[in-house]
Amino acid sequence: MTITEIIYWLELAGVAVFAITGALEASRRQMDMVGFVLIATFTGIGGGTVRDVITGATPVFWIRDTTWLVTCIGAAVITYFTAHLVERRYVALLWLDALGLAMFGVTGAAIGLNLGVSPLVAIVLGMITATFGGMVRDVVCNEIPLILRPEIYITCALVGAGIYVIGTAILDLPRGPIAVIAFFAAFLMRACAIKFKLSFPVYRARPGREY
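Conventions adopted
- Residues numbered from 1 in each chain as written.
- Predicted model: local features only at pLDDT ≥ 70, side-chain atom pairs only at ≥ 80, totals over all residues.
- Heavy atoms only, no water.
- UniProt positions renumbered as here; feature names shortened; annotations may be inferred.
- Helix = DSSP H or I, 4+ residues; strand = E, 2+ residues; numbered from the N terminus.
- Buried < 20%, exposed > 50% of the residue type's maximum accessible area, 1.4 Å probe, protein only.

As recorded in an unreviewed UniProt entry, the protein goes by Membrane protein and comes from Thalassospira tepidiphila MCCC 1A03514. The protein has a UniProt comment under Subcellular location (unreviewed entry) that states "Cell membrane".

Asker: I tried to follow unusual backbone geometry on my own but got confused; where do I start?
Answerer: The bulk of non-glycine residues show a negative phi, and the bulk of peptide bonds are trans. A cis geometry characterises the amide bond from threonine 58 onward to proline 59, with omega recorded as -5 degrees. Along the chain, proline 59 falls in the loop between α2 (33–55) and α3 (61–64). Positive phi values are uncommon outside glycine, yet glutamine 30 reaches one of about 55 degrees. The topology assignment puts glutamine 30 in the loop between α1 (3–28) and α2. A relative accessible area of 74% places glutamine 30 in the exposed class. Of note, the phi angle at lysine 197 is positive, near 55 degrees, even though the residue is not glycine.

As C-alpha cells, this is what we get:
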C-alpha cells in the first residue's frame, strides 16, 4: 500500500469518526434522522472542505468522490439506532473527537504537502482540517466549541501536523512511520488534556492605570 493510499484511508477513518461525534451530539439534542445526517455531515467533511477551498483544490474532495458523503450518512444512521447503548455520550464524543483530531492533523498536513505548499502552510492546513468540523458541530448545536475551552486542543493538532511536516518535508524521513508517530503524539497529548484537564495559563486582567 502506497503512502497516498494510507493517507486516503486514514482521512476516510477520520471523516467517519468525526461524523459519529456529530451524530452523538445530535442524539444529545434529541434530533430526528435528518438532523443526525446533517450534523454528522457538517462535522465529518467541514474541516476538509475549508482546506480545499483555501488551497483552491476545487471541486472539493466530497464532490469529486461521493464515498465521503456516504461515509457520513452511514455513520449517522448507525449512530441513530445505537446511540442509546452509550451511557455517557459526551465522554464518548470527547474521546472520538480526540481520535479524529489526531487523524486529521496528520492527513491535512500531508495533503497540503502533496499540493506543493510550504511546510508552515501545511502545518496550518493540518490544524484547519482537524478543528473546523468539530467547531461547526458545536456552533450549530449551540455548544461552546472545544477549541475555545480551557483544555489543550488546537495545540494537539499543530503538534501532529508539525511532527509529520518536519519529519517528512524537512528531515526527509519515511512518511509512513512518521505519520504513525505524529498521530500517536497528537492523540496522547489530547488524551492527557482530557484525562488530567491540562491547559495553558490564561491571561489575567489587571486594573487599568489612572493617568
